[in-house]
Amino acid sequence: NATTGREATKAKNEIERLINGFLNKLATIRILDPACGSGNFLYMALLLLLDLWLEVREFAGEMGMQVPLALEGFAPHPSQLYGIEINEYAHELASTTVWIGYLQWLHRHGFGIPTDPILKPLHNIRKMDAILAYNSEGDPTEPEWPEADVIVGNPPFLGGKRLRRKLSDEYVNALFQLYDMAVPREADLVCYWFERSRQMVASGKVRRVGLLATNSIRGGPNRRVLDRIKASGDFFMAWSDRDWILEGAAVNVSMIGFDDGSDTTRTLNGQSVTTINADLTSS
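My aim in this report is to walk through the structure given alongside it, one point at a time. (Residues numbered from 1 in each chain as written. Predicted model: local features only at pLDDT ≥ 70, side-chain atom pairs only at ≥ 80, totals over all residues. Heavy atoms only, no water.)

Enumeration over the complete set of coordinates arrives at 9 salt bridges. Taking the shortest distance from any N to any O, the salt bridge between D234 and K230 comes out at 2.9 Å. What makes K230 partly exposed here is its relative accessible area of 26%. D234 serves as the salt-bridge partner of R266, at 3.0 Å between the closest nitrogen and oxygen. Here D234 lies in strand β8 (residues 234-246) and R266 lies in strand β10 (residues 266-268), a separation of 32 residues in the sequence. Using a relative accessible area of 12% as the deciding quantity, one classes R266 as buried. Using a relative accessible area of 12% as the deciding quantity, one classes D234 as buried. (Salt bridge = Lys/Arg side-chain N within 4 Å of Asp/Glu carboxyl O. Buried < 20%, exposed > 50% of the residue type's maximum accessible area, 1.4 Å probe, protein only. Helix = DSSP H or I, 4+ residues; strand = E, 2+ residues; numbered from the N terminus.)

Before going further, it helps to spend a moment on the packing of helix α6 (residues 190-202) against helix α7 (residues 223-232). Relative to each other, α6 and α7 sit at 10°, their axes nearing to 9 Å. It follows that α6 is roughly parallel to α7 by the angle criterion. From α6, C191, F194, E195 and R198 reach across to α7, where they touch V225, L226, R228, I229 and S232. When grouped by side-chain class, the residues that make up the contact of α6 with α7 number 5 nonpolar, 1 polar and 3 charged. (Axes fitted to C-alpha atoms, helices over the stretch in contact; angles between N-to-C directions. Parallel < 35°, antiparallel > 145°, perpendicular 65-115°, else oblique. Contact = heavy atoms within 4.5 Å. Nonpolar A, V, L, I, M, F, W, Y, C, P; charged D, E, K, R; others polar.)

Attention now moves to a nonpolar patch on the surface. A cluster of nonpolar side chains, contributed by I15, F59 and M63, occupies part of the molecular surface with about 250 Å² of accessible area. Structurally, M63 is set in the loop between α2 (40-62) and β2 (81-85). (Patch = residues over 30% accessible without salt bridge, like charges linked within 9 Å, V, L, I, M, F, W, Y side chains within 5 Å. Areas by Shrake-Rupley, 256 points an atom, 1.4 Å probe, with all protein chains shown as cover.)

For the coordinates displayed, the defined rule picks out 4 aromatic pairs. Residues W53 and F111 carry aromatic rings whose centres are separated by 6.1 Å and whose planes lie at 55° to one another, so their mutual orientation is tilted. You can see W53 sitting in helix α2 and its partner F111 sitting in the loop between α3 (88-108) and β3 (125-127), a full 58 residues away along the chain. Judged by its relative accessible area of 2%, W53 is buried. The interplanar angle of 75° and the centroid separation of 5.8 Å between the aromatic rings of W99 and Y102 together place this pair among those described as edge-to-face. Highlighted residues: W99 and Y102, both in helix α3, separated by 3 residues, approximately one helical turn. Under the relative-accessibility criterion, W99 is labelled buried at 3%. Ring-pair connections join several aromatic residues into one group, and the members of that group are W53, W105 and F111. Over the ring of W145 we find R196; its NZ or CZ atom is 4.8 Å from the centre of that ring. Positioned above the aromatic ring of W239, the side-chain terminus of R242 is 4.5 Å from the ring centre. (Phe/Tyr/Trp six-rings, centres within 6.5 Å; stacked < 30°, edge-to-face > 60°. Lys NZ or Arg CZ within 6 Å of the ring centre and 35° of its normal.)

If you want it as structure tokens, here you go:
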């Protein structure tokens, strides 16, 4: 009858609105890696976005929806990726890594090759120090990070007792002065990235964060940064202790996802839990 037809049309329109909104979200979400190295995490993030976009697009076609044929402006793109890297060689390589991954994905899925130039510069990947800068008066200040929806990354590890040995006294003194109330002086270098990411979430500039650290992040002075995350937001995902083998070096790592506390679904070591503590336990 007419009522059933109107309800079916209304439901179809709502489905189309939701799917198109999700496709647009995938094509506009901004991802930041504030210690991007040669771009591996950004590369993987882009491939995951593209795979999900293609899955949703194919589903939309099966539902009889009209989907844009063009990629430009309608699909995930390297321009959505933001990075910070201090090493000049790694900084240059990151842009190339992302573009090659993008072109390979297009080729694998039959989308052809975009117009010249094939490799375009990615000005979103900045060459700078991610945790320390100086203002016009010469005082240490926190560098400005690009606003993004999500932060991901594997910040550099350097034990707290080795900071002065690997970095200059001047640099370490400035770091201690700048983060005096936020990061303990005995903490590992990676903790400064956790604190800066926490600040980005607390100020509303980032929605979610996923970072990797060695499992020492769970205790001692390092855990102070996780206490601060718990106080201003919450953890929605964590792997407290996982094997990590890279270039022959075997270490144990913690993977930590956090936000402003709005996500009420939490998983610890792959299991659903009601809470995740700052030491990455649930009891």
